[in-house]
Amino acid sequence: MPLIALQNVSRVFTSGAKTVYALENVSFDIQAGDFVSLVGPSGCGKSTLLKIVSGLLPASSGSVAVSDKTVDEPLENVGMVFQSPVLLKWRPVLGNVLLPVEFAKLDLVSHTERARALLKLVGLEGFEEMYPHQLSGGMQQRVSLCRALVMDPQLLLMDEPFGALDAMTRDELDIELLRIWHDRKKTVLFVTHSIQEAVFLSDHVIVMSARPGRLLEQISIQLPRPRTMEMMSTSQFGEYTLKIRALLQGVDGIPAAIPGSTA
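Before going into details, it helps to say that this report is about the structure given with it. Just so you know, these numbers come straight off a predicted model, no measurement behind them. (Residues numbered from 1 in each chain as written. Predicted model: local features only at pLDDT ≥ 70, side-chain atom pairs only at ≥ 80, totals over all residues. Heavy atoms only, no water.)

## Regarding the sheet that holds strand β7 (residues 155–159)
Strand order in this open sheet of 6 strands is β6-β7-β8-β3-β9-β10, and the pairing throughout is mixed. Across the chains shown, the open sheet's two edge strands, defined by having one partner strand only, are β6 (78–81) and β10 (215–220). On average, each strand axis in the sheet is inclined to that of its neighbour by 15 degrees, with strand direction left out of account. Where β6 meets β7, 4 bridges bridge the pair, whose relative direction is parallel. Among the inter-strand pairings, V81 is bridged to a residue of β7, identified as M158. Along the sheet, helix α1 (residues 46–54) makes contact with β3 (35–39), β6, β7, β8 (187–191) and β9 (204–208), crossing β7 at roughly 155 degrees. Of the strands in this sheet, β3, β7 and β8 are in contact with helix α6 (residues 167–184), which crosses β3 at around 140 degrees. (Pairing = 2+ DSSP bridges. Helix = DSSP H or I, 4+ residues; strand = E, 2+ residues; numbered from the N terminus. Axes fitted to C-alpha atoms, helices over the stretch in contact; angles between N-to-C directions. Contact = heavy atoms within 4.5 Å.)

## Let's talk about the nonpolar core
Within the largest apolar cluster, 48 residues are counted, with the highest numbers of intra-cluster contacts made by L156, M158, L177 and I244. Among the elements that make up this core, the one with the highest residue count is helix α5 (residues 137–149) (6 residues). Among all residues touching M158, those that are not within four sequence positions of it are L50, V81, L145, L177, V188, L189, F190 and V191. (Core = buried A, V, L, I, M, F, W, Y, C linked by side-chain atoms within 4.5 Å. Buried < 20%, exposed > 50% of the residue type's maximum accessible area, 1.4 Å probe, protein only.)

## A closer look at the packing of α5 against α6
At a minimum axis separation of 11 Å, α5 and α6 run at an interaxial angle of 20 degrees. Relative to α6, α5 is oriented roughly parallel. Both α5 and α6 take part in a crossing whose hand is right-handed. Residues G138, Q141, R142, L145 and L149 of α5 lie in contact with α6, whose contacting residues are T169, E172, L173, E176, L177 and I180. (Parallel < 35°, antiparallel > 145°, perpendicular 65-115°, else oblique. Left-handed = near helix turned anticlockwise from the far one by under 90°.)

## So, the pairing of strand β2 (residues 18–30)
Summarising the sheet, strand β1 (residues 4–15) and β2 pair through 9 bridges and their orientation is antiparallel. From the neighbouring strand, F13 faces β2, where its bridge partner is V20. In this antiparallel pair of consecutive strands, β1 and β2, the connection spans 2 residues, and G16 shows a positive phi of 65 degrees.

Interpretation in functional terms is not warranted from these geometric data alone.
Given below as structure tokens:
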């Protein structure tokens, strides 16, 4: 039984006389423990799909189930990370990480211990009392990741979390995320514009069309783990990126076949 199951999910937005068809008949399954990335053109509904899976936004038609239960309200056992860290500037690092614990009115003592362990895991031990403005963008996003994990959710939903960072910091956080994913045995649904990032991180890459977003193909990434940056220079890695790029270029009206490509 899959952890996440989407069946013919569509989403329509209406504002006055204007109707926008964001998603159309999207179906796929995600198994527990998998790392799955969504890629597609800007505006194809990737973020909308993430919100529907989380229960923050209802589907116009179709169904979403998590752990075999229909999603009809916001999920409790889920952590979310966005492109912007969304940290409260008046709270120190530890206070930001513990924010969802306080909202849920859970035991602060045990969760503070977990929060400190997570901060140590991402290399922020000793920064617990510093404020967001004293941190780099990459450090702020590490805090955001710890906040998403502090209540030990089974599912982690990530919406272009490293998209605003420089290339070197992004690579570092990709490696960090894979280490946490492996150690903590989470299921991850990850939205990104970067084909290389999707291939590097994922067990499966879901390729979506331009709006209305439809599933073009779900590609299984058969690269060995643990992943290393050196893998990006291999022919196998290149074939995956070429295949995904060809699918996306075909959507935009450019012939999908790439001369000389084996993808």
